[in-house]
Amino acid sequence: MSTAPFNPFMGEVIQTNVAGTNCLWLQKVDYQISPIAASNVYVLANTALTAAIQTITTGITSPDVPRNHVVKGAISTSTGNVVITGTDIGGNVITSTVALNGTTVVVGTKAFVTITQIVLPVSSGAGDGVSVGIGSVLGLPYTFAKNMVSKAYNNNVLETTTPTTTFDSVNLCNNTVTLASALAGNLLDIMLDVPG
């Protein structure tokens, strides 16, 4: 029989040697995930655009771990918005709108755990299409009001460059971390300071 996991949201405080002065309890958490390499076509292979807006609900592969998405047009004149709907790590429904920029890979910022629908724009010319993939921005399982990522290891190697983080005290999908080293399916240890 296992014990119940520690709950960091109880507002626990720690006494100090000074009467009436307390500090917040802080837990060091090792968040472990093993994300595969980023890919421009992991979620949706290049799909031809037509004269009408398309709503895609089949042939979609959800991200392997909570992470951002990327979109890429097939021709230099690819334009219009790609609207992605799915859920975050907490099961909340989220939507992201990303504007195509020709064949340049455009990076989304929200961390999706499932992608259930992709709305594609109209074609801008012969051979136009859109692919949707996964990026290197990884979702965190907490909402933070400030940066609480202390360090990270990729395949047991300490990142010498501090991870890039975003945080949002309300929206779980906006709490993310990006490592300096490439993702390749290795185990990541992301060290978080979680206040109690």
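Every chain is numbered independently, its residues counted from 1 as its sequence is written. Local features in a predicted model are, by the rule used here, given only for residues with pLDDT of at least 70; side-chain atom pairs are given and counted only at 80 or more, and totals for whole chains, interfaces and linings are based on all residues. To obtain the side-chain values, all non-hydrogen atoms of the structure were included, while hydrogens and water were left out.

Novice: Describe in detail the overall build of the protein chain, supporting the description with residues and values.
Specialist: Secondary structure summary: the protein chain contains 0 helices and 16 strands in total. Oriented by its inertia axes, the alpha-carbon framework of the protein chain measures out at about 75 × 35 × 30 Å. The classification of residues rests on relative accessible area computed with a 1.4 Å probe and restricted to protein chains. Under 20% of the type maximum is buried, over 50% is exposed, and intermediate values are partly exposed. In the protein chain, which comprises 196 residues, the proportion classed as buried is 41%. Residues count as neighbours in contact if any of their non-hydrogen atoms are within 4.5 Å of one another. Of the contacts formed within the protein chain by residues at least 6 apart in sequence, a portion of 77% connects residues at least 24 apart. Methods summary: accessible areas were calculated by the Shrake-Rupley approach with a probe of 1.4 Å, and residue burial reflects only the protein chains presented. For the protein chain, the exposed surface amounts to about 10,000 Å²; the carbon and sulfur share of it is 56%. Positive charge is attributed to Lys and Arg, negative charge to Asp and Glu, and no charge count is given to His or to the chain ends. Charge positions are represented by NZ for Lys, CZ for Arg, CG for Asp and CD for Glu. If you average the places of the 6 positive and of the 9 negative side-chain charges in the protein chain, the two averages end up 5 Å apart. Going along the chain from the N terminus, every DSSP run of H or I of four or more residues is numbered as a helix, and every run of E of two or more is numbered as a strand.

Novice: Hey, could you go over the sheet that holds strand β7 (residues 81-87) for me, with residue numbers and the actual values?
Specialist: By this definition, two strands are paired if DSSP reports at least two bridges between them. Strand order in the open sheet formed by 4 strands is β5-β10-β7-β8, with antiparallel pairing between adjacent strands. With partners counted over all chains shown, the strands left at the sheet margins are β5 (54-56) and β8 (93-99), one partner each. In this sheet, adjacent strand axes meet at a mean angle of 15° when their direction is disregarded. Of the pairings in the sheet, the one linking β7 to strand β10 (residues 114-120) comprises 5 bridges and is antiparallel in character. Following the sheet pairing, Gly-86 is matched in β10 by Ile-115. In this description, a line fitted to the C-alpha atoms serves as the axis of each element, helices being fitted only across the stretch in contact, and the angle between N-to-C directions of two axes falls anywhere from 0 to 180 degrees.

Novice: How would you sum up the nonpolar core? Please name residues and give values.
Specialist: Working definition of a nonpolar core: buried Ala, Val, Leu, Ile, Met, Phe, Trp, Tyr and Cys residues. They are joined through side-chain atoms within 4.5 Å. Val-71, Val-82, Ile-84, Ile-118 and Val-132 are the most contacted members of the largest nonpolar core, which has 20 residues in total. At the level of elements, β4 (39-48), β7, β8, β10 and β11 (129-139) are the ones that each hand at least two residues to this core. When near neighbours in sequence (up to four residues on either side) are disregarded, Ile-84 contacts His-69, Val-71, Ile-94, Thr-95, Ser-96, Phe-112, Ile-115, Gln-117, Ile-118 and Val-132. Core analysis: the next-biggest nonpolar cluster, separate from the first, contains 18 residues, Val-29, Ile-33, Val-149 and Ala-152 among them.

Novice: Before we move on, can you summarise the domain arrangement of the protein chain with the specific residues and values?
Specialist: Where a domain begins and ends is set by an automatic assignment or by a domain database. Domain annotation of the protein chain identifies domain 1 (26-35 + 140-195) and domain 2 (39-135). With centres defined by C-alpha atoms, the gap from domain 1 to domain 2 works out at 25 Å. Domain 1 puts 11 residues into the contact, and the matching count from domain 2 is 12 residues. A per-residue breakdown of the area domain 1 buries against domain 2 is headed by Pro-35, Leu-172 and Cys-173, which together make up 53% of the total. Take a side-chain nitrogen of Lys or Arg and a carboxyl oxygen of Asp or Glu: if they are within 4 Å of each other, that pair is a salt bridge. Taken together, domain 1 and domain 2 are joined by 0 salt bridges. Any N or O atom pair separated by 3.5 Å or less is treated as a polar contact, with the protein-specific requirement of one donor-capable and one acceptor-capable atom, and with residues adjacent in sequence counted only for side-chain atom pairs. In this structure, the connection of domain 1 to domain 2 is made through 1 residue pair in polar contact (both at pLDDT 80 or more). A breakdown of the residues in the side of domain 1 that touches domain 2 according to their chemical character gives 8 nonpolar, 3 polar and no charged. Here the quantity called buried area is the total loss of accessible area, with a 1.4 Å probe, experienced by two parts when brought into contact, counted for both. For this classification, Asp, Glu, Lys and Arg are treated as charged, while Ala, Val, Leu, Ile, Met, Phe, Trp, Tyr, Cys and Pro are nonpolar and the rest, including Gly, are polar.

Novice: Quick rundown of the pairing of β8? Include the residues and the values.
Specialist: A one-sided burial pattern is seen for β8, the buried positions being Ile-94, Ser-96 and Val-98 and the unburied ones Val-93, Thr-95, Thr-97 and Ala-99. Where β7 meets β8, 7 bridges bridge the pair, whose relative direction is antiparallel. What sits directly across from Thr-85, in β8, is Thr-95. In sequence, β7 turns back onto β8 through a hairpin of 5 residues, with Gly-91 there showing a positive phi of about 85°.

Novice: Give me the pattern of salt bridges: which residues, what numbers.
Specialist: Following the criterion strictly, the structure yields 2 salt bridges and no others. The closest approach of N and O atoms between Lys-28 and Asp-193, which form a salt bridge, is 2.8 Å. You can see Lys-28 sitting in strand β3 (residues 26-33) and its partner Asp-193 sitting in strand β16 (residues 188-195), a full 165 residues away along the chain. According to the relative accessible area criterion, Asp-193 is buried, its value standing at 17%. The salt bridge partner of Asp-64 is Arg-67, with a shortest N-O separation of 2.7 Å. Classification of Asp-64 as partly exposed rests on a relative accessible area of 28%.

Novice: Tell me about the environment of Val-122, residues and numbers included.
Specialist: Its place among the elements puts Val-122 in the loop between β10 and β11. Spatially, the C-alpha atoms of Val-122 and Ile-75 are 13 Å apart, while their sequence positions differ by 47 residues. Contacts of Val-122, omitting those with residues within four sequence positions, involve Leu-49, Thr-50, Ala-51, Ala-52, Ile-53, Thr-79 and Asp-128.

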